[in-house]
Amino acid sequence: MKKISTIIVMFLVTAAVVFAAGCAEEQESAENETPADAEQVSSVTPETPGITDETVTNGDTTQGDQTIETGQIITEAENGKSIRIKNGEIFILQLRENPSTGYSWELNVSEGLNILSDGYTQDQSPEGQVGVPGTHSWTIEAVSQGSQQVNGIYKRPWENMTGTEENFTLNVEVE
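Note that the structure is a prediction, hence the values are computed from the model and not measured.

## Regarding the overall build of the protein chain
So, point 1. Regarding its fold elements, the protein chain presents 1 helix and 10 strands.
So, point 2. Along its sequence from the N terminus, the protein chain presents helices and strands in the succession α-β-β-β-β-β-β-β-β-β-β.
So, point 3. Counting the 175 residues in the protein chain, one finds 23% classified as buried.
So, point 4. Total accessible area computed for the protein chain in this model is approximately 12,100 Å², and 51% of it derives from carbon and sulfur atoms.

Right, here's the structure in full:
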């Protein structure tokens with residue numbers, strides 16, 4: 001019995017030492033954590049300079065598409081429009097989303113386009129507020145000449161398609 005008591009005491013002492021050592025370590029700061037003394041900057045939706053009101057025509061038929069200059073930041077405002085870029089050039093697509101509600105953009109690009117990067121930036125949230133929306137950004141490069149397309153559906157990934165989802169389409173002519 002004395003041997004068992006000694007083993008239990010040794011175990012408890014070892015556990016206490018390990019616990020104390022773990023509590024004494026300095027906690028490493030998270031890589032994305034904003035320091036308390038850092039200046040807070042509110043996010044803004046970028047402007048889209050260079051958008052023309054030129055209507056694209058095909059023969060004698062006027063279409064509702066508009067041509068947008070290359071190197072631009074493309075937003076929801078350009079839904080259904082066309083851009084013309086050179087092979088190897090890039091553009092940035094920025095769409096508003098609120099993943100805290102479960103909704104996010106499912107983006108598909110044709111084979112002549114390549115998504116180089118994508119990321120989400122949440123808007124600054126007022127104190128105590130959760131579920132703040134933000135902007136999802138994709139950097140897309142033209143890798144093949146011809147007519148290309150970007151298609152997006154704003155939905156909850158686990159829900160079936162209903163036909164009422166918000167859609168985004170961008171036609172890309174690569175020269």
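Let us keep going from here.
## Quick word on the environment of S110
So, point 1. With respect to the secondary-structure elements, S110 resides in the loop between β6 (104-109) and β7 (113-122).
So, point 2. Judged by its relative accessible area of 23%, S110 is partly exposed.
So, point 3. As for S110 and V150, which are separated by 40 residues in sequence, their C-alpha atoms are 6.6 Å apart.
So, point 4. Side-chain polar atoms of S110 contact the side chain of Q148, separated by 2.6 Å.

## Digging into the pairing of strand β8 (residues 134-142)
So, point 1. Counting buried positions along β8 yields 7 of 9 residues, so the element is predominantly enclosed.
So, point 2. In terms of strand pairing, strand β5 (residues 90-97) meets β8 through 8 bridges, oriented antiparallel. Bridge pairing in β8 links L95 to H136.

## Topic: the pairing of β5
Moving residue by residue along a regular strand, the side chains alternate between the two faces of the sheet.
So, point 1. Strand direction decides the pairing type here: strand β3 (residues 73-74) and β5, joined by 2 bridges, are parallel. Within the sheet, the bridge partner assigned to I73 lies in β5 and is I92.

## Focus: the pattern of salt bridges
So, point 1. All chains considered together, the criterion is met by 4 salt bridges.
So, point 2. Taking the shortest distance from any N to any O, the salt bridge between R156 and E159 comes out at 3.3 Å.

## Let's talk about the nonpolar core
So, point 1. Counting 18 residues, the largest nonpolar core has F91, L93, I140, V150, L170 and V172 as the members making the most contacts within it.
So, point 2. Those elements giving two or more residues to this core turn out to be β4 (82-85), β5, β6, β8, β9 (146-155) and β10 (166-174).
So, point 3. At 4 residues, the largest contribution of residues to this core is made by β10.
So, point 4. If sequence neighbours within four positions are ignored, L93 has contacts with I74, L107, H136, S137, W138, I140, V150 and F168.

## Digging into the sheet that holds β7
Strands belonging to one sheet form pairs held by backbone hydrogen bonds; the direction of such a pair is parallel or antiparallel.
So, point 1. With respect to topology, 4 strands assemble into an open sheet ordered β3-β5-β8-β7, the strand pairing being mixed. Where the open sheet ends on each side, the last strands, each with one partner, are β3 and β7.

## Observations regarding the environment of T162
So, point 1. Here T162 is to be found in the loop between β9 and β10.
So, point 2. Residue classification places T162 among the exposed positions, given a relative accessible area of 57%.
So, point 3. At 2.7 Å, the side chain of T162 and the side chain of T164 are in polar contact.

## Brief notes about the confidence of the model for the protein chain
So, point 1. Of the residues in the protein chain, 59% have a pLDDT of 70 or more, and the chain-wide mean is 74.
So, point 2. Contacts from residues 24-70, a stretch scored under 50 in pLDDT, to residues over four places away or in other chains number 51 contacts.

## What to know about the environment of S117
So, point 1. Relative to the assigned elements, S117 resides in strand β7.
So, point 2. Separated by 21 residues in sequence, S117 and W138 have C-alpha atoms that sit 5.6 Å apart.
So, point 3. In contact with S117, other than residues within four places in its own chain, are S137, W138 and T139.

So, how was this worked out
The numbering scheme is per chain: residues are counted from 1 as the chain's sequence reads. Local features in this predicted model are restricted to residues of pLDDT 70 or higher, and side-chain atom pairs are both shown and tallied only at a pLDDT of 80 or more, whereas totals for entire chains, interfaces and linings draw on every residue. As a convention, hydrogens and water are excluded, and side-chain values are obtained from all of the structure's heavy atoms. Numbering of helices and strands runs from the N terminus; a helix is a DSSP stretch of H or I covering at least four residues, while a strand is a stretch of E covering at least two. Accessible area is worked out with a 1.4 Å probe on protein chains only. A residue is then buried under 20% of its type maximum, exposed over 50%, and partly exposed in between. Only the protein chains shown count as cover for residues, and the accessible areas themselves come from Shrake-Rupley with a 1.4 Å probe. Under this definition, polar contacts are N or O atom pairs within 3.5 Å; protein pairs additionally need one hydrogen-donor-capable and one acceptor-capable atom, and for neighbouring residues in sequence, both atoms have to be side-chain atoms. The criterion for strand pairing is that DSSP finds at least two bridges linking the strands in question. What counts as a salt bridge is simple: a side-chain nitrogen of Lys or Arg found within 4 Å of a carboxyl oxygen of Asp or Glu. Residues belong to a common nonpolar core when they are buried Ala, Val, Leu, Ile, Met, Phe, Trp, Tyr or Cys residues joined through side-chain atoms within 4.5 Å. Whether two residues are in contact is decided by their heavy atoms, any of which lying within 4.5 Å being enough. By definition, pLDDT measures how confident the predictor is in each residue, and it falls between 0 and 100.

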